[in-house]
Amino acid sequence: MRSDSLPINEIFYSLQGEGFHTGTPAVFVRLSGCNLRCSFCDTDHSHSTPMTVREILAEVTRYPAPTVILTGGEPSLYDIDPLIRALHDHGRRVHIETNGTRALPDSLDWITCSPKPGGAVVLPRCNELKIVYTGQDVEAIAESIPADHHFLQPCSGANIPEVIDYILFHPRWRLSLQTHKLLDIR
């Protein structure tokens, strides 16, 4: 891979399917590679295309949405600050979905932290904490990273009743379903 490129798994236009911005049109820039190996991950890390910031920008600006979501894998593995600056220069808001195990540029507009097993969160705070619930102590996780919004998401849809029950007794949490999968969209 060239030093001036990022490993892009895919770029696509759709609706945000999870969390606070569910239903919002967005361009997704999915980077390949991660420092964790979650069994439920939906990214094929064996595939990527090296793309420069200019090439990514050309693809992103084909779509009318003002929101761009950097996702993965784990986008913070790479120097994404030049991409964020270029997107801002073209009037885009830049969101990131991260496992929170690495520092992030200050220039991001929205941070969704989704901590995973085996990864220690180093972020001082985030806009949205979204936890894939598997019965872990989510209260301890929530205490370790301040967030404006708290979401629990069933693990691959398998434990929806358990997640609902937990939220009913712990009302700071909101339900996040993978609506893009329910709607059969990307």
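Higher on the page you've got the structure.
Residues numbered from 1 in each chain as written. Predicted model: local features only at pLDDT ≥ 70, side-chain atom pairs only at ≥ 80, totals over all residues. Heavy atoms only, no water.

**Student:** Outline the packing of aromatic side chains, listing residues and values.
**Tutor:** Taken as a whole, this structure holds 4 aromatic pairs when the rule is applied. The interplanar angle of 10° and the centroid separation of 5.0 Å between the aromatic rings of Phe 12 and Phe 28 together place this pair among those described as stacked. Here Phe 12, found in strand E1 (residues 5–15), pairs with Phe 28, found in strand E2 (residues 25–31); they are 16 residues apart in sequence, far enough to count as distant. In this pair, the class of Phe 12 matches that of Phe 28, namely buried. (Phe/Tyr/Trp six-rings, centres within 6.5 Å; stacked < 30°, edge-to-face > 60°. Helix = DSSP H or I, 4+ residues; strand = E, 2+ residues; numbered from the N terminus. Buried < 20%, exposed > 50% of the residue type's maximum accessible area, 1.4 Å probe, protein only.)

**Student:** Describe helix H1 (residues 53–60), naming the residues involved and giving the relevant values.
**Tutor:** Helical periodicity: at 3.6 residues per turn, an α-helix aligns residues three or four positions apart in one direction. Regarding H1, the residues found buried are Ile 56, Leu 57 and Val 60. Taken end-on, H1 shows its buried residues confined to a sector of 100°, consistent with a single buried face. Looking at the buried positions of H1, the neighbouring elements they touch are E1, E2, strand E3 (49–52), strand E4 (67–71) and helix H2 (81–89). (Arc of directions from axis to C-beta. Contact = heavy atoms within 4.5 Å.)

**Student:** Report on the side chain of Thr 67, specifying residues and quantitative values.
**Tutor:** Note on placement: Thr 67 falls in strand E4. Setting aside anything within four residues of it in sequence, one finds Thr 67 in contact with Pro 25, Ala 26, Val 27, Arg 93 and His 95.

The quantities given are spatial measurements derived from coordinates; they are silent on function.
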